[in-house]
Amino acid sequence: MNTSVWIVDFGSQYTQLITRRSREIGFSSEIITYNTLQKRWSEGIRPKALVLSGGPQSIFKDPRDYSFIFNEEKLPILGICYGMQIMGHVLGGKVEKGTSGEYGLSKIQFEDSVENFGLSSSFNSWMSHFDHVSKVPSDFKIMLKSQNGFIAGICHDSRPVWGLQFHPEVEHTEHGREILIAFFKKVAGLKSDWGDSEMLEEALGVVKKEKDAQILCAFSGGVDSLVAATLCEQINTENLHCFFVDHGLLRPQDISHIHVLQEKTKLNIQIVDAKKQFFSKLKGVDEPEAKRKVIGHEFISVFEQKVHEYENDHGIKFTHLLQGTLYPDVIESVSPHGEEGISSTIKSHHNVGGLPERMKLKLLEPLRYLFKDEVRKLGEALGLEYNWVHRHPFPGPGIGVRVLGELTPERVERVGKSDQILFEELKRANLYQATWQALTVYLPVKTVGVKGDERAYEEVICLRMVNSSDGMTATFSNMPYEFLSTVSRRITNEVAGITRVVYDITDKPPGTIEWE
């Protein structure tokens, strides 16, 4: 992927947001490590603009050499938080070790002597730093100051170089998007090179390179696998084969969705019924990580067996495994603090870990440079129905991570039925898109209730609905009480063995979205 903007990751929790914001305003960008930066520099490769991200470390403990970056006088450079401290330290300013930090919202103001690019003279920004630049380098001037008197932004007198102590990429920063636009368009002079057409061209280009391959897809029906498979189908209609494994840990809506896709798309989708095998292997297993391992191992075993049978029956040999790997998965596999390499845990939640090596398949990942919101846009550009590409996320282990304790057919059925009720009521109340993800969880806790004038001693279903942009952080969805009451009433009336319904109002962090 050829990109205009390189974002050097120093470990900030917001680095991915810099990339996403850059793309949202029309500029292709990628996240790289310092080691990659050095390598490309030595090969004479340069970006059109360079961004130095924030990070948790202190410049006083950082032994790396950054001087080569600033030797390129015409190169636009934006330093954010730690990136600004690198700039101040390397170019002869002064960085002081903090005695107290600035965290959260802080009012900042443009200095009278600098251009404010049509923005408000003062606005709220999101700070997250301890050390700070106390003296600007030569040929720089103070651009912004915080309400606490700290230098919040610096700019070079003649070069396209800015330093920002706050985080313009975070939604909490007012005018953050406009600040990035001002730097990339007005200071750096970049031309827009990223949008829906570029995304489609980039993804199709990956598939076109393998247009004659026999492609195997572990198909879930979720937005990632659906968009990836649809891309391949555009180029390689005859040689794409999708396998959907029904492991018995699915919701009614998942099965019906696959049948709809079989009917309404050109995809060759094979359904593998493996419910008995999975429940047999899961019998007596109640520890969360143990359940995940059993599900993952059995998935690979069943998938591999069925694929070999299919190859023998049809006289073909698969050469590629299609995966809906997204850019966050790629980013997570690279450490900003040292060596680069694929993490042993990346993509394990997709249940296909180990398949490429075991089956001697080459990976095909046409979405590997895209974020989830970009994949949804790509799906719409490919003509897929809105409801298909805007489905809520669903984990690979399915209901397996939504039943606390042992997985039995009865418990899975209770979650499946209660989840279906939640799904139906969200649709009925026109609230499906009001929450990013909605689910139900089975709690093996018995409580006393009353059903039909008789004492009932039955179990609990928990409702979980959250809002998020990427799943990294989330807040619980503030749903209408009347809606919650309707869902609760239907579950206790229609799902056998359930007497009580509760609502989880925990954010992430400290909780996770799924319960296991």
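Reading the values: rules and limits
Residues numbered from 1 in each chain as written. Predicted model: local features only at pLDDT ≥ 70, side-chain atom pairs only at ≥ 80, totals over all residues. Heavy atoms only, no water. Helix = DSSP H or I, 4+ residues; strand = E, 2+ residues; numbered from the N terminus. Rg over C-alpha atoms; globule rule 2.2 N^0.38 Å. Buried < 20%, exposed > 50% of the residue type's maximum accessible area, 1.4 Å probe, protein only. Areas by Shrake-Rupley, 256 points an atom, 1.4 Å probe, with all protein chains shown as cover. Lys, Arg positive; Asp, Glu negative; His and termini not counted. Charge placed at Lys NZ, Arg CZ, Asp CG, Glu CD. Pairing = 2+ DSSP bridges. Axes fitted to C-alpha atoms, helices over the stretch in contact; angles between N-to-C directions. Contact = heavy atoms within 4.5 Å. Phe/Tyr/Trp six-rings, centres within 6.5 Å; stacked < 30°, edge-to-face > 60°. Expected span 1.5 Å × (residues − 1). Salt bridge = Lys/Arg side-chain N within 4 Å of Asp/Glu carboxyl O. Core = buried A, V, L, I, M, F, W, Y, C linked by side-chain atoms within 4.5 Å. pLDDT = per-residue confidence, 0-100.

Engineer: For the overall build of the chain, give the residues involved together with the corresponding values.
Structural biologist: Check the secondary structure of the chain and you find 15 helices and 20 strands. The globule rule puts the C-alpha radius of gyration for 516 residues at 24 Å, and the 26 Å found for the chain is close to it. Considered along the principal axes of its C-alpha atoms, the chain spans approximately 75 × 60 × 40 Å. Going through the 516 residues of the chain one by one, you find that 55% of them count as buried. A total accessible area of about 23200 Å² is found for the chain, and carbon and sulfur atoms account for 48% of it. Averaging the coordinates of the 59 positive side-chain charges in the chain and doing the same for the 69 negative ones gives two points 1 Å apart.

Engineer: Please set out the sheet that holds strand E13 (residues 240–246) residue by residue, giving values where relevant.
Structural biologist: Taking strand neighbours across the sheet as the criterion, the five strands line up as E14-E13-E12-E15-E16 in an open arrangement whose pairing is parallel. Each end of this open sheet is capped by a strand with a single partner; those strands are strand E14 (269–273) and strand E16 (362–364). Averaged over all adjacent pairs, the angle separating strand axes in this sheet is 30°, with direction ignored. Bridge count for strand E12 (residues 215–218) against E13 is four bridges, and the pairing is parallel. Each residue of the ladder has a partner; that of alanine 218, found in E13, is phenylalanine 243. This element, helix H7 (residues 252–264), spans E13 and E14 of the sheet and lies at about 150° to E14. Relative to the sheet, helix H9 (residues 288–314) contacts E12, E13 and E14, its axis offset from that of E13 by approximately 140°.

Engineer: Break down the packing of aromatic side chains for me, with residues and values.
Structural biologist: What the rule picks out here adds up to 18 aromatic pairs. Residues phenylalanine 10 and tyrosine 82 carry aromatic rings whose centres are separated by 5.7 Å and whose planes lie at 65° to one another, so their mutual orientation is edge-to-face. In this pair, phenylalanine 10 sits in the loop between strand E1 (5–8) and helix H1 (15–24) while tyrosine 82 sits in helix H3 (residues 82–90), placing the two residues 72 residues apart along the sequence. Given the relative accessible area of 0%, phenylalanine 10 is considered buried. Judged by centre distance (5.6 Å) and plane angle (70°), the rings of phenylalanine 183 and phenylalanine 184 are edge-to-face. Among the aromatic residues, those joined into a cluster by ring pairs are Phe10, Tyr34, Trp41, Tyr66, Phe68 and Tyr82.

Engineer: Outline helix H4 (residues 176–187), listing residues and values.
Structural biologist: With 12 residues, H4 extends 15 Å from end C-alpha to end C-alpha; this agrees with the ideal 16 Å at 1.5 Å per step. Buried-residue contacts for H4 involve E1, H1, strand E3 (49–52), strand E4 (77–80), strand E7 (122–129) and strand E11 (161–164).

Engineer: Please give an account of the pattern of salt bridges that cites residues and values.
Structural biologist: Using the criterion set out here, one finds 30 salt bridges in the structure. Ionic pairing is found between aspartate 62 and arginine 64, a salt bridge with its closest N-O pair at 3.1 Å. Among the charged side chains, a salt-bridge network with shared partners connects Arg251, Asp254, Arg391, Arg402, Asp419 and Glu514.

Engineer: Tell me about the nonpolar core, and please be specific about residues and values.
Structural biologist: Residues Leu216, Leu426, Met465, Phe483 and Ile491 are the most contacted members of the largest nonpolar core, which totals 45 residues. Every element with two or more residues in this core is listed here: E13, helix H8 (275–282), H9, helix H14 (409–428), strand E17 (437–451), strand E18 (454–467), helix H15 (481–494) and strand E20 (498–504). Beyond its immediate chain neighbours, meaning those up to four positions away, leucine 216 contacts His241, Phe243, Phe303, Val307, Phe318, His320, Leu321, Leu322, Met359 and Leu361.

Engineer: Which residues make up the confidence of the model for the chain, and what values do they have?
Structural biologist: Averaged over all residues, the pLDDT of the chain is 89; the fraction at 70 or higher stands at 93%. Segment residues 337–351 is flagged for pLDDT under 50; beyond a separation of four residues in sequence, or across chains, it makes 30 contacts in the model.

Engineer: Kindly report on the environment of glycine 497, identifying the contributing residues and their values.
Structural biologist: With respect to the secondary-structure elements, glycine 497 resides in the loop between H15 and E20. Judged by relative accessible area, glycine 497 falls into the buried class, the value being 16%. Considering only alpha carbons, one finds glycine 497 and leucine 378, 119 residues apart in sequence, at a separation of 43 Å.

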